[in-house]
Amino acid sequence: MVNYLVGVKFLAKAYSANMVTNYLGTGYLMTLVGGIVADSFLGRFWTIFAAGTIQTMGFVVLMLTAFLPSLNNQYCEDDLKKECRAAHGSSLSTIYVGLYLIAIGTGGIKSCVSAFGADQFDSQDPREEKSLPHYFNVFFDSVELGSLFASTLMIWIQDYKGWKWGYAILAIVMGAALFLLVSARRLFRYRLSRGSPFTPVARVFIAALRNRKLPTPSDQSQLYTGPEEKALQLKAAILREGEVATGWEPNPWRVANLQDVEDTKMLLRLLPILFSSFFYWTCSVQFSTFTVYQVAIMNRRLGTLLVPSGTVGGVFLTVSILLTLIFYDRIVMPLIKRFTGNGQGISPLRKIGIGVITPAFAMMAAALIEMKRLRVVKAEHAEDTPATPLPMSMFWLVPQYLIIGSGQAFIYVGSLEFFYNESPRTMQSLGTALVSCTMSIGVFASSAIVSTVNRATRHHHDGQWLGNNLNRSPLDRFYWVLGGLSLINVLFFLLAAWWHESVTRATSSSAVAADPDASPPSAAPSAPPGVAEKRGSGSAGACGFKPAEEPC
């Protein structure tokens, strides 16, 4: 996308990078909205269909920005493209419309598609339940194959056949997929929508605010226990005078039951991990923006083939992730099981920790490689010819992609496991949505950092760090800054992880002391997202485990 914005629409590199990161952040953030819509109103099937339709419209809009002359008001004064007027007015606005339609659609699809596939497996059937983990492996593999397809064939079509054809093909593929989805709707299993997981959280905060001045009672009869007795006390559960009545159900927006209170507290304990792990995505997104600009002026020849600049990063990253997963499954896991007897492997929190550490090394590697590239620029006297390819191979970028890709394999899977297992049983769908929330915060933070650095170095004597001419911009300093911030974030994560473990142990000890037969409050079945919903512990209930005539 950055190649289209910079190479076709002549937008500034830093501005284009922020456009892309803001678009990505919105897409991740919209997964929360998509989950609420699916759980509260439409159900997963129709949410996927509606979101897919919106995404298709976005591709059509972007196709028009590349096809219609009225939406191409950018121009250059000379053939060398040194003095160019970027897309502006309605042309730029239409690009934004297309991008954010795609972001909205992506959020709706991401929030539902994996769980809707999991809904097709009956947890009460041992044979089907045993097949569920295999489904998630196939789903993840299909995502990676789609990423590889987009990074190779689609980018080749966009670069050599025209961007209008690239966007048109994407729109056609999405339209065909929606047609197949609707055609097969009678073959699927569906689940009833039973409300948003945000509702009990909102009720707890409103009830706590209402009762904030009341003293915490020592008499259990003055607390609304709801369906379970084993929970900690919070003011949201205090029954006021006149509200204590046997068999009477109070207004849930006035008095929260203790189970909802405890669930909300469990959810709040996850926030330090969320806010200390997002910086991975802040660093990772740089390899989809500024590194693409770098590779565009490097030697990209593979024999007689000139590899598109957008393909290089996508392929390197995907291969790195797959190699890491294979190495972990085939070598690390057997070794851990052999020497420790633990067949579960590295804990989810430690997986997140590995992912949090990797950006520091990736950004340092990127800085060193950029210093090497700038030395080549100086040796070739190419400071004022930023479009001229340098005699430096694209394979110099492999180390930084290998490091950041291995980190992604750990932090993404670890985050899914952690936020699912550590979330309350009634909010596990919301817990998995926090993963996308983490990614959203990370890419929005990237936009903020890029804008801040761009303003701060605008009049720097060595040139703007993120200027349009990378051959005169000390981009390596930007990478060093991100590497330093990553090290600081590692310390923050270690503190957050220590606090989380301490609180979890203390809470478990309190629960066991109160009732030796009680399970720890954070205990939740370790299963992939979607399984809990089938057991009635998520935000959706079963609509029946046989093909329905129409979606519920």
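Calculation notes
- Residues numbered from 1 in each chain as written.
- Predicted model: local features only at pLDDT ≥ 70, side-chain atom pairs only at ≥ 80, totals over all residues.
- Heavy atoms only, no water.
- Helix = DSSP H or I, 4+ residues; strand = E, 2+ residues; numbered from the N terminus.
- Buried < 20%, exposed > 50% of the residue type's maximum accessible area, 1.4 Å probe, protein only.
- Polar contact = N/O pair within 3.5 Å; in protein donor to acceptor, adjacent residues only side chain to side chain.
- Expected span 1.5 Å × (residues − 1).
- Bend = angle between axes of the 7 residues up to and from the residue.
- Contact = heavy atoms within 4.5 Å.
- Core = buried A, V, L, I, M, F, W, Y, C linked by side-chain atoms within 4.5 Å.
- 1 Å grid on protein atoms, 1.4 Å probe; cavity = no way out; pocket = protein on both sides within 12 Å on 5 of 7 lines; lining within 4 Å.
- Points joined across faces, edges and corners; volume = space filled by probe spheres on them.
- Nonpolar A, V, L, I, M, F, W, Y, C, P; charged D, E, K, R; others polar.
- Patch = residues over 30% accessible without salt bridge, like charges linked within 9 Å, V, L, I, M, F, W, Y side chains within 5 Å.
- Areas by Shrake-Rupley, 256 points an atom, 1.4 Å probe, with all protein chains shown as cover.
- Salt bridge = Lys/Arg side-chain N within 4 Å of Asp/Glu carboxyl O.
- Phe/Tyr/Trp six-rings, centres within 6.5 Å; stacked < 30°, edge-to-face > 60°.
- Lys NZ or Arg CZ within 6 Å of the ring centre and 35° of its normal.

Chemist: Where do I start with the side chain of Arg373 in this structure?
Modeler: Tracing the backbone through its elements, the reader meets Arg373 in helix α12 (residues 348-379). Relative accessible area serves as the criterion here: at 1%, Arg373 is assigned to the buried category. A polar contact is formed between the side chain of Arg373 and the side chain of Asn471, at a distance of 2.9 Å.

Chemist: Got a minute to help me understand helix α3 (residues 90-118) in this structure?
Modeler: It helps to recall that an α-helix has 3.6 residues per turn; residues three or four apart then point in one direction. Counted at 1.5 Å a residue, the expected span for α3 with its 29 residues is 42 Å, and the 43 Å between its end C-alpha atoms agrees. At Cys112, α3 shows its largest kink, close to 30°.

Chemist: Quick question: what am I supposed to make of the side chain of Thr289 here?
Modeler: Secondary-structure assignment places Thr289 in the loop between α9 (279-284) and α10 (290-296). Using a relative accessible area of 1% as the deciding quantity, one classes Thr289 as buried. Reaching out from Thr289, the side chain makes a polar contact with the backbone oxygen of Val285 at a distance of 3.3 Å. Once residues within four sequence positions are removed from consideration, Thr289 is found in contact with Val2, Ala17, Val20 and Thr21.

Chemist: Any chance you could explain the nonpolar core here in plain terms?
Modeler: Nonpolar side chains tend to gather and get buried jointly when the protein is soluble and globular. Counting 83 residues, the largest nonpolar core has Ile273, Phe290, Phe419, Leu466, Phe478 and Tyr479 as the members making the most contacts within it. The element contributing the most residues to this core is α12, with ten residues. If near-sequence neighbours (up to four positions away) are discounted, Phe290 is found in contact with Ala14, Ala17, Val450, Leu466, Leu470, Leu475, Phe478 and Tyr479. Residues Ala38, Phe45, Cys112 and Phe116 belong to the second largest nonpolar core, which totals eight residues.

Chemist: For this particular structure, what's the right way to read the layout of surface pockets?
Modeler: Gaps between atoms show up when a probe of the same size as a water molecule is rolled over them. Each pocket or cavity is described by its volume, and for the second largest pocket that value is around 1,300 Å³. Lining the second largest pocket are 35 residues, with Val6, Gly7, Lys13, Pro386 and Ala387 sitting closest to its centre. For the lining of the second largest pocket, the element with the highest residue contribution is helix α1 (residues 2-8), accounting for five residues. Looking at side-chain class alone, the lining of the second largest pocket contains 18 nonpolar, eight polar and nine charged residues.

Chemist: What should I look at first to understand a nonpolar patch on the surface in this one?
Modeler: There is a patch of nonpolar side chains on the surface, built from Phe205, Leu268, Leu271, Phe275 and Phe492 and spanning about 440 Å² of accessible area. The topology assignment puts Phe205 in helix α6 (residues 198-210). The class of Phe205 is partly exposed, set by a relative accessible area of 45%.

Chemist: Looking at this structure, I do not really get the pattern of salt bridges. What am I missing?
Modeler: As a working rule, side chains carrying opposite charge can pair if their charged atoms are close by. Within the structure shown, the criterion is met by two salt bridges. One salt bridge in this structure joins Arg373 and Glu370, with 2.8 Å as the shortest N-O distance. Here the residue Arg373 and the residue Glu370 both occupy positions in helix α12, the gap between them amounting to three residues, near one helical turn. Note on accessibility: Arg373 and Glu370 belong to one class, buried. Here Asp384 and Arg472 are joined by a salt bridge, their closest N and O atoms 2.8 Å apart. In this pair, Asp384 sits in the loop between α12 and α13 (398-421) while Arg472 sits in the loop between α14 (428-456) and α15 (475-514), placing the two residues 88 residues apart along the sequence.

Chemist: I'm lost on the environment of Phe395 in this one. Help?
Modeler: For Phe395, the location among the structural elements is in the loop between α12 and α13. The spacing of Phe395 and Val312 is 83 residues in sequence and 8.9 Å in space, taken between C-alpha atoms. Phe395 has contacts with Leu302 and Phe316, leaving out every residue within four places of it along the chain.

Chemist: Before we go on, may I ask you to explain the packing of aromatic side chains in this structure?
Modeler: The geometry of two aromatic rings is summed up by the distance between their centres and the angle between their planes. Following the criterion strictly, the structure yields 23 aromatic pairs and no others. Between Tyr4 and Tyr167 the ring centres are 5.5 Å apart and the planes differ by 80°, which places this aromatic pair in the edge-to-face class. Of the two residues, Tyr4 is situated in helix α1 and Tyr167 in helix α5 (residues 163-183); the sequence distance between them amounts to 163 residues. Owing to a relative accessible area of 4%, Tyr167 belongs among the buried residues under this scheme. With 6.4 Å between their ring centres and 80° between their planes, Phe188 and Tyr190 make a pair best called edge-to-face. The class for Tyr190 is buried, based on a relative accessible area of 5%. What links up through ring pairs into an aromatic cluster is the set Phe45, Trp46, Phe49, Phe116, Phe188 and Tyr190. The ring of Tyr293 has Lys13 lying over it, and the distance from NZ or CZ to the ring centre is 5.7 Å.

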